[in-house]
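Below are the chains, spelled out letter by letter.
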Amino acid sequence: MSSHFITVCQDCGYKSPFLPGSPACPKCGGLWREAIYDYANLAYSLPIVLPGRPFDIWRYRELLPVREPNPDLSLGEGGSPLIHANNLGLMLGLPNIYIKDERQGPTASFKDRQAAIMIASLKEAGITEMVCASTGNVAISYSAYAARAGIKLWAFLTSLVPAAKMREVALYGTQVVKITGTYDEAKKLAAEFAKQRNLFLDLGARSIPCLESMKTISFEVAEQLTALLGAVQPYDQKIKSSPWRSPDWYIQSVSGGMGPLGVMKGFKELHLMGLIDSEPKVGLIQSEGCAPMVHAWRQGKDTAIPVKSPHTLIATLATGDPGRTYTQIYKKMAEAQSGIIESVTDEEAFRAMHFLAKMEGLSIEPAAAVAFAGLVKLVRAGKIRPDEVVVVNCSGHTMPIERNILGEGWERNINLSSESLTEDGQEEGLLAALSSVSIDRFPRIAIVDDEPNVRTLIRRILQSQGNYQIFEASNGKNAIEMIIRDRPNLILLDLMMPDMDGFQVMDALQLIKETQDIPIIVITAKELTPAENKRLKGHIQSLMQKGDFMNDDLLDEVRALLK
Ligand SMILES: *Cc1c(COP(=O)(O)O)cnc(C)c1O
Ligand SMILES: [Zn+2]
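Asks: Report on the environment of Leu-272, specifying residues and quantitative values.
Replies: Here Leu-272 lies in helix α8 (residues 258-272). In this structure the C-alpha to C-alpha distance between Leu-272 and Gln-114, which are 158 residues apart in sequence, comes to 23 Å.

See the structure below:
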């Protein structure tokens, strides 16, 4: 496994290697683990290897939890521009405001960093299906990368998420489960669903790939600021200053808090490696109607004060209970003895949307505007001084997909707003709601082929157009066991396999009462001899030539046989 880093459990201190499929500490089961790299060595090697690399997130691969960057999965993530906000600076009397324009990522939000690293990590681990809960942008970004990687995604979205975003998620082939309830409830349902079906669940800030991905923002900002402003001048000629520059302030809007937590870790690592002299103060901005971190911060508490029913129009920022992510952020801010957590109203954010578009030519989503409204507030309050260098994360801009593209039936609905959901009955209410979507009634298809690439291709073709439960086997013996156990409604069978070939599998299934009537589509790589054709006769429903089965042909055949 990856040897370039190790994880340390934050509960028991146990050190262990990272396995993408098993997020928990092997010793105590804790989910909060931190990735630690060889900073002493990287301090020397990084400045040497970086200049030859493209400006994208994989440039920092030695500090990321992926063994081998996979160019086939890339959509050009990272490397977003750092834009000087001249006019905004004039308005606020701050000449050095810079905008990290994360709208320019592949799906137009900074979640592309998370998705790129997470999906690459899952792909390395051979995981083929996953579940996430989202306030919109994570689901969009995961959907794009999962589509490329051939990973089936279930996205649990609250009904507050704008319909345009839900449609975008659906367009990528993700199954949308729309929860009429809060984001925290959607998260619980997603977790329960993943548990019931034994699927990989996205753990947000607790997931090492997710958190680590956010560091790339800090790395890029430091490199970009240095290119724009030059390295910090040594105040004493004898003391060599660090090669890179960090801003005085880093401002970002906050929902769950993974973004800022990862960014803070990034700056800390740069500091540890001696690449920057100091870490920026962070300004974290929430929407006033959902500001659990602000409430706790004002009282000097290290535990968030959950907001049961968020009152904000800005769905992206509607995390009512950030849990331990806040505690981590608080700890880091307390250690640094700097930074601030502030809130702004929805109206202030919408005003910021207008001035950013009209003065800087940037159309941004409301959640990103929250950060700019916060910047205005901090400058007006004198917290940010005119001579300071400020970087604001312009976290997102979503291109809506038009209403009439998808047709009907692309979402499943769970309504949690009914009276029956009383305080103490909540858990049962959630479970009952989940069983009511009867997701397990999807047709079951077995794919039997010894070539993993062929199985992946067929899985993708099927998943791109419908919801199927897919079972895979790589040889005849396993196939028979699997078919007896899982009782698929349809079998896609390769003929040429070592040891036990497809003919033998068919013969074996013929002898068993429970399996003899399951329809079979044979997939073969070669022309069949007349004798072989004769053997197949009467046993199979359809024959497809490998390599030239068109997506539609296979799907039409599958649909016809499942009728
Ligand atoms: C997710 C998101 C946020 C909030 O980030 P967290 O890491 O959840 O705090 C802010 N703005 C946009 C556009 C986002 O997509
Ligand atoms: Zn532990």
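Asks: Outline the domain arrangement of the chain, supporting the account with residue identities and numerical values.
Replies: Many analyses report the size of an interface as the accessible area lost when the parts associate. As assigned here, the chain comprises domain 1 (82-98 + 219-404), domain 2 (412-441) and domain 3 (442-561). The gap between the C-alpha centroids of domain 1 and domain 3 is 53 Å.

Asks: Which residues make up the packing of helix α3 (residues 111-124) against helix α7 (residues 208-229), and what values go with them?
Replies: For any two helices packed against each other, one specifies the inter-axial angle together with the distance between the axes. One way to put it is that α3 packs onto α7 with a least axis distance of 8 Å and a crossing angle of 135°. One element, α3, and the other, α7, form an angle in the oblique class. Where α3 crosses over α7, the two elements pack in a sense that is right-handed. Between α3, through Arg-113, Gln-114, Ile-117, Met-118 and Ser-121, and α7, the contact on the second element is made entirely by Pro-209, Cys-210, Ser-213, Met-214, Thr-216, Ile-217 and Glu-220. Residues belonging to the contact of α3 with α7 are distributed by class as follows: six nonpolar, four polar and two charged.

Asks: Let's hear about the pattern of salt bridges: which residues, and what values?
Replies: Under the defined criterion, the tally for this structure stands at 27 salt bridges. With a closest N to O distance of 2.7 Å, Glu-220 and Lys-100 form a salt bridge. Of this pair, Glu-220 sits in helix α7 while Lys-100 is found in strand β5 (residues 97-101), placing the two residues 120 residues apart along the sequence. Assessed through its relative accessible area of 0%, Glu-220 is described here as buried. Put simply, Arg-455 and Glu-472 hold a salt bridge, and the shortest N to O gap is 3.0 Å. Taken together, the positions of Arg-455 in helix α14 (residues 452-465) and Glu-472 in strand β16 (residues 469-473) put the pair 17 residues apart, joining distant regions of the chain. The exposure class of Arg-455 is buried, given its relative accessible area of 13%.

Asks: A description of the pairing of strand β8 (residues 175-180) should follow, citing residues and the corresponding values.
Replies: Each regular strand shows side chains that alternate between the opposite faces of the sheet. Sheet analysis places strand β7 (residues 152-158) next to β8, joined by five bridges and oriented parallel. In the strand pairing of β8, Phe-156 is matched with Val-177. At this point the chain moves from β7, through helix α5 (residues 163-171), to the parallel β8, and the crossover so formed is right-handed. Pairing geometry for β8 and strand β14 (residues 411-415), over five bridges, is parallel. Each residue of the ladder has a partner; that of Thr-180, found in β14, is Asn-415.

Asks: Please set out the packing of aromatic side chains residue by residue, giving values where relevant.
Replies: The description of an aromatic ring pair rests on the distance of the ring centres and on the angle between the ring planes. Under the counting rule described, the total for this entry stands at ten aromatic pairs. Geometrically, the ring pair formed by Phe-5 and Tyr-37 is stacked, given 5.3 Å between the ring centres and 20° between the ring planes. With a gap of 32 residues between them, Phe-5 in strand β1 (residues 5-9) and Tyr-37 in strand β3 (residues 33-37) connect regions that are remote in the sequence. An identical accessibility class is assigned to Phe-5 and Tyr-37; each is buried.

Asks: Go over the coordination of the zinc ion (ligand 2) with me, naming the residues and quoting the values.
Replies: Those protein atoms acting as donors to the zinc ion (ligand 2) are Cys-9 (SG), Cys-12 (SG), Cys-25 (SG) and Cys-28 (SG), and they sit at 2.2 to 2.4 Å. Around the zinc ion (ligand 2) sit four donor atoms; with metal-centred angles ranging over 105 to 116°, the donor geometry is tetrahedral. As a motif over one chain, the donors of the zinc ion (ligand 2) read C-x2-C-x12-C-x2-C. Cys-9 gets classed as buried once you look at its relative accessible area, which sits at 3%. Classification of Cys-12 by relative accessible area gives partly exposed; the value is 34%.

Asks: Give me the lowdown on unusual backbone geometry, citing residues and values where you can.
Replies: Positive phi values are uncommon outside glycine, yet Asn-198 reaches one of about 55°. Here Asn-198 shows up in the loop between α6 (183-197) and β9 (200-201). The phi dihedral of Arg-487 falls on the positive side, at around 45°, and the residue is not glycine. Note that Arg-487 resides in the loop between α15 (476-486) and β17 (490-494). Take Arg-487: its relative accessible area is 41%, and that puts it in the partly exposed class.

Asks: Let's hear about α6: which residues, and what values?
Replies: At 3.6 residues per turn, the α-helix brings residues three or four places apart onto the same side. The end-to-end C-alpha separation of α6 is 21 Å, in line with the 21 Å expected for 15 residues at 1.5 Å each. For α6, the set of buried residues is Tyr-183, Asp-184, Glu-185, Ala-186, Leu-189, Ala-190, Glu-192, Phe-193, Ala-194 and Arg-197. Two residues or fewer after α6 comes Asn-198, characterised by a positive phi angle close to 55°.

Asks: Now, about the nonpolar core: what can you tell me, with residues and values included?
Replies: Residues Leu-63, Ile-119, Met-130, Tyr-142, Leu-157, Leu-270 and Met-273 are the most contacted members of the largest nonpolar core, which totals 83 residues. For this core, the element with the highest residue contribution is α7, accounting for nine residues. The contact partners of Met-273, leaving out residues within four places of it in the chain, are Tyr-39, Leu-42, Ala-43, Leu-46 and Leu-63. Ala-368, Ala-369, Leu-375 and Ile-384 belong to the second largest nonpolar core, which has 34 residues in total.

About the thresholds
Residues numbered from 1 in each chain as written. Chains lettered and ligands numbered in written order. Predicted model: local features only at pLDDT ≥ 70, side-chain atom pairs only at ≥ 80, totals over all residues. Heavy atoms only, no water. Helix = DSSP H or I, 4+ residues; strand = E, 2+ residues; numbered from the N terminus. Domains from an automatic or database assignment. Axes fitted to C-alpha atoms, helices over the stretch in contact; angles between N-to-C directions. Parallel < 35°, antiparallel > 145°, perpendicular 65-115°, else oblique. Left-handed = near helix turned anticlockwise from the far one by under 90°. Contact = heavy atoms within 4.5 Å. Nonpolar A, V, L, I, M, F, W, Y, C, P; charged D, E, K, R; others polar. Salt bridge = Lys/Arg side-chain N within 4 Å of Asp/Glu carboxyl O. Buried < 20%, exposed > 50% of the residue type's maximum accessible area, 1.4 Å probe, protein only. Pairing = 2+ DSSP bridges. Right-handed = clockwise from strand over helix to strand, strands pointing away. Phe/Tyr/Trp six-rings, centres within 6.5 Å; stacked < 30°, edge-to-face > 60°. Donors = N, O, S within 2.8 Å, 3.2 Å for Na, K, Ca; no water. Tetrahedral: all angles 85-135°; square planar, octahedral: opposite > 155°, others 65-115°. Expected span 1.5 Å × (residues − 1). Core = buried A, V, L, I, M, F, W, Y, C linked by side-chain atoms within 4.5 Å.

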